[in-house]
Amino acid sequence: AVVSTQSTGGRTQRVHKSSGGRRCKALLLKISPDLTDEQLQDIVDIVLDPQYGVSGVIVSNTTISRPDSLISDNKTAKGGLSGAPLKDKSTAMIRKVYIMIK
């Protein structure tokens, strides 16, 4: 289990107790731009809590929403949407996360 951290040269690394001090691989959490502000705050709280060992956040993943401005023939397709149609929504999510972690 990941239980302790150690600082080396200004960087904090997660360490396995049973690993003889070897560092763990980074754990990044990818989050959806479809989260509510409350869900987002819950996730940020977990990410910032060292007991969970999350190294960082990838903001944002694909969205399941379809903006009205989407004109693709695939507008009604199932699955995640990414790219240019997601730019404004992703930028807003990045801004929110930045403010929450300050």
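As shown above, the structure is provided for reference.
Enquirer: Help me understand a nonpolar patch on the surface in this model?
Expert: The grouping of Leu-48, Tyr-98, Ile-99 and Ile-101 at the surface amounts to a nonpolar patch, some 430 Å² of accessible area in total. For the nonpolar patch, the element with the most residues is helix H2 (residues 87-101), which contributes 3 residues. One can find Leu-48 in helix H1 (residues 37-48).

Enquirer: Explain the environment of Arg-95 here, please?
Expert: In this structure, Arg-95 sits in helix H2. Arg-95 sits in the partly exposed class, given a relative accessible area of 49%.

Enquirer: What exactly am I supposed to notice about the packing of H1 against H2 here?
Expert: Pairs of packed helices are described in terms of their axes, by the angle between the two and the distance that separates them. It is the contact of H1 with H2, at a shortest axis distance of 10 Å, that shows an interaxial angle of 50 degrees. On the basis of their axis angle, the class for H1 and H2 is oblique. The way H1 lies across H2 gives a crossing that is right-handed. Contact with H1, carried on its side by Asp-37, Leu-40, Gln-41, Val-44 and Leu-48, involves Met-93, Lys-96, Val-97, Met-100 and Ile-101 of H2 and no other residues of that element. Here the residues of the contact of H1 with H2 sort into 7 nonpolar, 1 polar and 2 charged.

The rules behind each value
Within each chain, residues carry numbers counting from 1 in the order of the written sequence. Only residues with pLDDT of 70 or above have their local features reported here, since the model is predicted, and side-chain atom pairs are shown and tallied only from 80 upward, although totals for entire chains, interfaces and linings are computed over all residues. Computation of side-chain values covers all heavy atoms of the structure but excludes hydrogens and water. Like-charged residues are merged into a patch within 9 Å and nonpolar side chains (Val, Leu, Ile, Met, Phe, Trp, Tyr) within 5 Å, provided each residue has over 30% relative accessible area and no salt bridge. Every accessible area reported is derived by Shrake-Rupley at a probe size of 1.4 Å, with residue values counting cover from the shown protein chains alone. What makes a salt bridge here is a side-chain nitrogen of Lys or Arg within 4 Å of a carboxyl oxygen of Asp or Glu, nothing more. A run of H or I in DSSP counts as a helix once it spans at least four residues, and a run of E counts as a strand once it spans at least two, with each numbered from the N terminus. Categorising residues by exposure relies on relative accessible area from a 1.4 Å probe, with only protein chains included: less than 20% of the type maximum marks a residue as buried, more than 50% marks it as exposed, and the intermediate range marks it as partly exposed. For helices, the axis comes from a line fit to the C-alpha atoms of the stretch in contact; other axes are also lines fit to C-alpha atoms, and the angle between any two N-to-C directions lies between 0 and 180 degrees. Here roughly perpendicular refers to angles of 65 to 115 degrees, roughly parallel to angles under 35, roughly antiparallel to angles over 145, and oblique to all remaining angles. Whether a crossing is left-handed or right-handed is set by the direction in which the near helix is turned from the far one by less than a right angle, anticlockwise for left-handed and clockwise for right-handed. For this analysis, residues touch if any pair of their heavy atoms sits within 4.5 Å. Residue classes follow a fixed rule: Ala, Val, Leu, Ile, Met, Phe, Trp, Tyr, Cys and Pro count as nonpolar, while Asp, Glu, Lys and Arg count as charged, and any other residue, Gly among them, counts as polar.

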